[in-house]
Amino acid sequence: MTTAPDPRHAPAPAASGGSGVLHVRCAPALSGEGYREVLELLREFSPLVQALPPRAALVQVRGARRYFGAGADRIAEVVRLRAVARLGTDVRIGVAGTWAVAAMASARIPGPGGVLAVPGDRVAGFLAPLPVEDLHGLGSRQAEALRGYGLHTVGALTRVPPGVLERILGKRAGRLVAERAHGIDPRPVTPRDLPSSAAVRTGFARQELDGPHARAALLALVVRLGAQLRGRRQAARSLCLTLQFAGGTRWERSRRLTEPSAHDEDLRTLAYRLMDAAGLQRARLTGMVLRAEDLTAARSVTRQLSLDPVREARLTVEAAVDRANARFGAGTVRPAALF
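Rules used throughout
- Every chain is numbered independently, its residues counted from 1 as its sequence is written.
- Whole-chain, interface and lining totals are the exception, using all residues; otherwise, since this is a predicted model, local features are given only for residues with pLDDT of at least 70 and side-chain atom pairs are given and counted only at 80 or more.
- Excluding hydrogens and water, the side-chain figures rest on all heavy atoms present in the structure.
- Segments assigned H or I by DSSP are reported as helices when at least four residues long, segments assigned E as strands when at least two residues long, and all are numbered from the N terminus.
- Classification of residues uses two cut-offs on accessible area relative to the type maximum, computed with a 1.4 Å probe and protein chains only: under 20% is buried, over 50% is exposed, and between them is partly exposed.
- For this analysis, residues touch if any pair of their heavy atoms sits within 4.5 Å.
- To be clear on the numbers: accessible area is Shrake-Rupley with a 1.4 Å probe, and residue cover counts the displayed protein chains and nothing else.
- By the counting scheme adopted, Arg and Lys are positive, Glu and Asp are negative, and His together with the chain ends is not counted.
- Charge placement uses NZ in Lys and CZ in Arg. For Asp and Glu, CG and CD serve respectively.
- Every case where a carboxyl oxygen of Asp or Glu lies within 4 Å of a side-chain nitrogen of Lys or Arg is listed as a salt bridge.
- Ring pairs shown here join Phe, Tyr and Trp side chains whose ring centres sit within 6.5 Å, with only the six-membered ring taken for Trp; geometry is labelled stacked below 30 degrees between planes, edge-to-face above 60, and tilted in between.
- DSSP bridges decide pairing: two strands pair if at least two such bridges lie between them.
- Axis lines are fitted through C-alpha atoms, for helices just across the contact stretch, and the angle between N-to-C directions can take any value from 0 to 180 degrees.
- Note: the arc covers the axis-to-C-beta directions of the helix.
- Here a polar contact means two N or O atoms within 3.5 Å. Within protein one must be a hydrogen donor candidate and the other an acceptor candidate, and residues neighboring in sequence count only if both atoms are side-chain atoms.

**Q** Looking at this structure, how should I read the overall build of the protein chain?
**A** Scanning the protein chain from terminus to terminus reveals twelve helices and nine strands. In terms of overall dimensions, the protein chain has a C-alpha envelope of 70 × 60 × 40 Å along the principal axes. Residues counted as buried form 43% of the 339 residues belonging to the protein chain. Relative to all contacts within the protein chain whose residues are 6 or more apart in sequence, the contacts with residues 24 or more apart total 67%. Accessible surface, the protein chain: about 17,900 Å² in total, of which carbon and sulfur atoms supply 53%. The positive charge centre, built from 49 side chains, and the negative charge centre, built from 30, are 1 Å apart in the protein chain.

Structure follows, in structure tokens:
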């Protein structure tokens, strides 16, 4: 059995320049426990590891470069070798001087793994030919708006005044896109462990074939999960739905919420989209698990008036329902569809 080389025994390549951020992408099928093991492996190289659930992480290795006497790209290669040899999983690692460029680099690596380093003097050349939708942090609707104005590549964004982008996307988003197009991203790597999660589950007494019944069961999970989050004064950034089928097979999918929330309406909308994505038809369900992931404190979530009287009324009713259930017992008041 061979062991991965120690980065302290390798000279630092000059091409690494000031690159000091690794963006690590794990395999989509990697389990939660496997993801934790990857995070622990990364901490062997630097204490500055920021978990980006469900399957990514950032590592600041500028200090590690000095300690190991190796370039960031060399450290990334050793991280990958140890992940394969020790954990049995491959990773894709982008290496750059900023979070955004490193993330775009890792996204360009074909599976199952590899390392792509973008030193400072190559950032402009790397970014210029990329389609606008590949710009880190740019949404699909924003990309569509830019394409409508003939801006199809990241390089094209750098050739127009920032004011033009601000008029197309709005002041804040336009300024951010202009900076990212030039490779500017001042965000630091903030050490953060894998956040806690909250999960609710249900099983069926018999194999469930009825779509409306399955959706009603999912609604019941949403109500329980929302009450749990609000009781813990937390909000979820993403939801994960796991469907269990006869024969032991499983289907799992995660999606992020537009903004952190613990409200039934937001959780229900995303949960239904996840179930629709499964394309169940007449699948034989035996159980389901709904998990809220990447939790944050509710007090840190900005509360803005939606200017939608229906939504505001629902939130008022939701708070009243929570108080009633706290006084008379969980489930005393619940959606009519669950009776």
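Continuing now.
**Q** Explain the pattern of salt bridges to me, please; I cannot follow it from the model alone.
**A** Pairs may arise between side chains of opposite charge once their charged atoms sit close together. What the rule picks out here adds up to 15 salt bridges. A single network of salt bridges, built from pairs that share partners, joins Arg192, Arg237, Arg256 and Asp294.

**Q** Honestly, the packing of aromatic side chains in this entry has me stumped. Any pointers?
**A** One pass over the structure, following the stated rule, counts two aromatic pairs. Ring geometry for phenylalanine 45 versus phenylalanine 68: centroids 5.9 Å apart, planes at 55°, classification tilted. With phenylalanine 45 in the loop between α1 (32-42) and β2 (49-52) and phenylalanine 68 in helix α2 (residues 62-68), this pair connects stretches of sequence that are 23 residues apart. Across the pair, exposure class does not vary: phenylalanine 45 and phenylalanine 68 are buried alike.

**Q** What's the story with the sheet that holds strand β5 (residues 114-117) in this structure? I'm lost.
**A** The pairing of strands in a sheet happens through backbone hydrogen bonds and is either parallel or antiparallel. On the basis of which strands lie adjacent, the open sheet formed by five strands has the order β2-β3-β1-β4-β5 and mixed pairing. The open sheet is flanked by β2 and β5, the only strands paired with a single partner. Each strand of the sheet is rotated relative to its neighbour by a mean of 15°, with strand direction disregarded. Bridging between β2 and strand β3 (residues 56-60) involves four bridges; their strand directions are antiparallel.

**Q** Would you mind showing me how to read helix α8 (residues 162-169) here?
**A** Turn by turn, an α-helix covers 3.6 residues, leaving residues three or four places apart pointing in a common direction. Turning to α8, its buried residues are Leu165, Ile168 and Leu169. Along the axis of α8, the buried positions cluster into a sector of 80°, meaning they face one direction only. Its buried side turned inward, α8 meets α6 (140-148), α7 (154-158) and α9 (171-181). A positive phi of about 105° marks glycine 170, the residue just after α8.

**Q** Teacher, can you tell me more about the pairing of strand β1 (residues 21-26) here?
**A** When you tally the buried positions in β1, you get five out of six residues, the bulk of the element. Sheet analysis places β1 next to β3, joined by five bridges and oriented antiparallel. Each residue of the ladder has a partner; that of leucine 22, found in β3, is valine 59. Pairing geometry for β1 and strand β4 (residues 91-96), over six bridges, is antiparallel. Directly across from arginine 25, in β4, lies its bridge partner arginine 92.

**Q** Please clarify how the sheet that holds strand β7 (residues 234-245) should be interpreted in this entry.
**A** Taking strand neighbours across the sheet as the criterion, the four strands line up as β6-β9-β7-β8 in an open arrangement whose pairing is antiparallel. The open sheet is flanked by β6 (198-208) and β8 (250-261), the only strands paired with a single partner. Neighbour-to-neighbour, the strand axes of this sheet turn through a mean angle of 15°, independent of strand direction. Bridge analysis of β6 against strand β9 (residues 285-297) gives seven bridges, and the strand direction is antiparallel. Bridged to alanine 198 within β9 is alanine 292. Contacts from helix α10 (residues 211-231) reach β6, β7, β8 and β9 within the one sheet, and its direction differs from that of β6 by about 160°. Sheet strands touched by helix α11 (residues 264-278): β7, β8 and β9. Its angle to β8, the strand with the most contacts, is close to 150°.

**Q** Is there a simple way to think about the environment of proline 131 in this case?
**A** Considering the arrangement of structural elements, one finds proline 131 in the loop between α5 (123-127) and α6. Considered as a pair, proline 131 and histidine 152 are 21 residues apart in the sequence and their alpha carbons are 5.9 Å apart. Among all residues touching proline 131, those that are not within four sequence positions of it are Arg147, His152, Thr153 and Val154.

**Q** Would you mind going over the environment of arginine 55 with me for this structure?
**A** By the element assignment, arginine 55 lies in the loop between β2 and β3. Each C-alpha atom of the pair arginine 55 and alanine 29 lies 9.1 Å from the other, and the pair is 26 residues apart in sequence. Leave out the neighbours within four places in its chain, and arginine 55 touches Val24, Arg25, Cys26, Ala27, Pro28, Leu30, Ser31, Gly32, Tyr35 and Glu252. A polar contact is formed between the side chain of arginine 55 and the backbone oxygen of leucine 30, at a distance of 2.7 Å.

Any link to function would need more than the numbers given here.
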